[in-house]
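Residue-level structure breakdown
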Amino acid sequence: MFKLTRQVLQAACSRCSSAHQLLPKKTGQQYASVRRMCIKILDTDSEDEGSLPRRAMIYVPGSDLRKLAKLSSLHVDCAVMDCEDGVAANQKDAARQNISQMLDTLHTPHVRDMTVRVNSVSSGLAEDDIKTILKAERLPDTMILPKVDSVGHIQWFGDKVEQALDGRELHHKMRLLICVESALGLLHLPALCEEGLWQSHNTPFALEGVIFGSDDFCADIGAHRTDDAMELLYARQKIVTVAKAYGLQAIDLVHINYTDLQCLERQALEGAHMGFTGKQVIHPNQIPVVQKSFTPSQEKIEWARELIEAFHEHHEDGKGAMSFRGSMIDMPLVLQAKNILRMAENT
């Protein structure tokens, strides 16, 4: 019965979405409220295959065939073949062609998520990226849309992806990550997440996470990068909070000094403690440090497993408050323990 309701709801949502802009302001506000409710209902019974772990996400310029070829030997959760910032303006077309070719020919047994970052909507280059890359026989597992400032960017992306695929049968949806790289994007982030999840029910992609583009963000607000990144504390905390509120991954900033692995580890652990699920990297030497930082230790896993077992036994006996290893235990701590076990299962 619920599946039928879900199908009817998806069809109705598809029709009313296109009519939203024609509604009066008050009715439009009511529509937005209904849409939020629809997203919650649809996501409750979603059939997704689960998020891929992205503890470390390394960028490789699509214009550099030598560096792309090295992906075959890398052990990393997520490898991003890049059309955007890592590619010179006069090499954009070469990058598109290289990436399309590499998707079909490159063997990457130790990369869980083969990802492509296209150029931003505002650059005027993204449509050519999408058309060329989605001609590949093997589609990317994930696509990254950078510099997302408005819901219109996500809507545009969804339309262009559908056009490029032209009815092609997909065995599963591609995944989408959006980048917040400006003050405007940060302010609009709840609406962007909502739109991405909404589009996920009617397009060939499913939104899975938010990436923080710290360098462009600093430039946008006039901040100066420091080693402790205190100038980015508010933005990082907001991205984590909003992403988690919508059930999405949150990918932390790049540590640009790739030779300072000690500082990298400190920043990566800080991000993990803040709630980020992974971190962007720019050099292979950064990968093991970052992936270890976002992996629960065996000691932490055992603590979580034993806490949950003790909690269930305690409640089966009908007892109230409980202590575990000298600390009082409440439901938030139990949820933290469950999160640790979930992370361990995915890595």
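What counts, and at which threshold
- Residue positions are counted from 1 within each chain, in the order its sequence is given.
- In keeping with the model being predicted, local features are shown solely for residues with a pLDDT of at least 70 and side-chain atom pairs are shown and tallied solely at 80 or more, while totals for entire chains, interfaces and linings include all residues.
- With hydrogens and water excluded, all non-hydrogen atoms of the structure serve as input to the side-chain values.
- Grouping buried Ala, Val, Leu, Ile, Met, Phe, Trp, Tyr and Cys residues that are joined through side-chain atoms within 4.5 Å yields what is termed a nonpolar core.
- Burial here depends on accessible area, computed with a 1.4 Å probe over protein chains only, as a share of the maximum for the residue type. Under 20% is buried, over 50% is exposed, and the range in between is partly exposed.
- Numbering of helices and strands runs from the N terminus, with a helix taken as a DSSP run of H or I at least four residues long and a strand as a DSSP run of E at least two residues long.
- Every residue pair with non-hydrogen atoms within 4.5 Å of one another is taken to be in contact.
- Polar contacts here mean pairs of N or O atoms no more than 3.5 Å apart (in protein, one a potential hydrogen donor and the other a potential acceptor; neighbouring residues in sequence count only if both atoms are side-chain atoms).
- Only rings of Phe, Tyr and Trp enter the pairing, Trp through its six-membered ring, and a pair is recorded when the two centres are within 6.5 Å. The plane angle decides the type: under 30 degrees is stacked, over 60 is edge-to-face, the rest tilted.
- Consider the ring centre and the ring normal. A charge sits over the ring if Lys NZ or Arg CZ is within 6 Å of that centre and within 35 degrees of that normal.
- Strand pairing is assigned whenever DSSP detects at least two bridges linking the two strands.
- Axis geometry follows a simple rule: fit a line to the C-alpha atoms, using only the stretch in contact for helices, then measure angles between N-to-C directions, giving values from 0 to 180 degrees.
- Within a predicted model, pLDDT stands for the predictor's per-residue confidence, ranging from 0 to 100.

The next subject is the nonpolar core. In terms of nonpolar packing, the biggest core is built from 64 residues, with Leu71, Met81, Leu134, Phe157 and Val210 touching the most fellow members. Take this core: its biggest share by element is five residues, from helix 10 (residues 233-245). The residues contacting leucine 134, other than those within four sequence positions of it, are Leu139, Pro140, Met143, Val161, Ala164, Leu165, Arg168 and Met174. Among the nonpolar cores identified, the runner-up in size contains 13 residues, and Leu307, Phe311, Ala337 and Ile340 belong to it.

Looking at the element boundaries, aspartate 82 is found in strand 2 (residues 76-82). For aspartate 82, the side chain forms a polar contact with the main-chain nitrogen of glutamate 84, separated by 2.8 Å. A distance of 3.0 Å separates a polar side-chain atom of aspartate 82 from the backbone nitrogen of glycine 86. Not counting the four nearest positions on each side in its chain, aspartate 82 is found in contact with Val60, Pro61, Gly62, Val87, Ala95, Ile99 and Arg117.

All chains considered together, the criterion is met by two aromatic pairs. Plain terms: the ring middles of phenylalanine 157 and phenylalanine 205 are 5.4 Å apart, the flat faces sit at 55 degrees to each other, and that makes the pair tilted. Taken as a pair, phenylalanine 157 in helix 6 (residues 151-165) and phenylalanine 205 in strand 6 (residues 205-212) lie far apart in primary sequence, 48 residues in all. Since its relative accessible area comes to 1%, phenylalanine 157 is described here as buried. Note on phenylalanine 205: relative accessible area 2%, which makes it buried. Their ring planes at 70 degrees and their centres at 5.5 Å tell us that phenylalanine 212 and phenylalanine 217 sit as a pair that is edge-to-face. For the pair phenylalanine 212 and phenylalanine 217, one class covers both residues: buried. We note lysine 300 situated over the ring of tryptophan 303; from NZ or CZ to the ring centre the distance is 4.9 Å.

The next thing to look at is the sheet that holds strand 2. The strand order around the closed barrel formed by eight strands is 1-2-3-4-5-6-7-8, and the pairing between neighbours is parallel. Between one strand axis and the next, the sheet turns by 30 degrees as a mean value, whatever way the strands run. Bridging between strand 3 (residues 111-117) and strand 4 (residues 142-145) involves three bridges; their strand directions are parallel. Bridge pairing in strand 4 places valine 116 opposite methionine 143.

A word on the confidence of the model for the chain. For residues with low pLDDT, the predicted coordinates do not support detailed interpretation. When pLDDT is averaged along the chain, the result is 86; 84% of the residues meet or exceed 70. Considering only residues more than four positions removed or in separate chains, one finds that residues 1-9, a stretch of pLDDT under 50, has 12 contacts. pLDDT under 50 marks residues 44-50. Its contacts with residues more than four places away, or in other chains, come to 10 contacts.

Turning our eyes to something else, we now look at the side chain of aspartate 252. Relative to the assigned elements, aspartate 252 resides in strand 7 (residues 249-252). Among the residues examined, aspartate 252 registers a relative accessible area of 0% and is labelled buried. Within the structure, aspartate 252 has its side chain in polar contact with the side chain of arginine 236 (distance 2.7 Å). Those residues in contact with aspartate 252 that lie beyond four places of it in its chain are Phe212, Arg236, Gln267, Gly271, Phe276, Gly278, Lys279 and Gln280.

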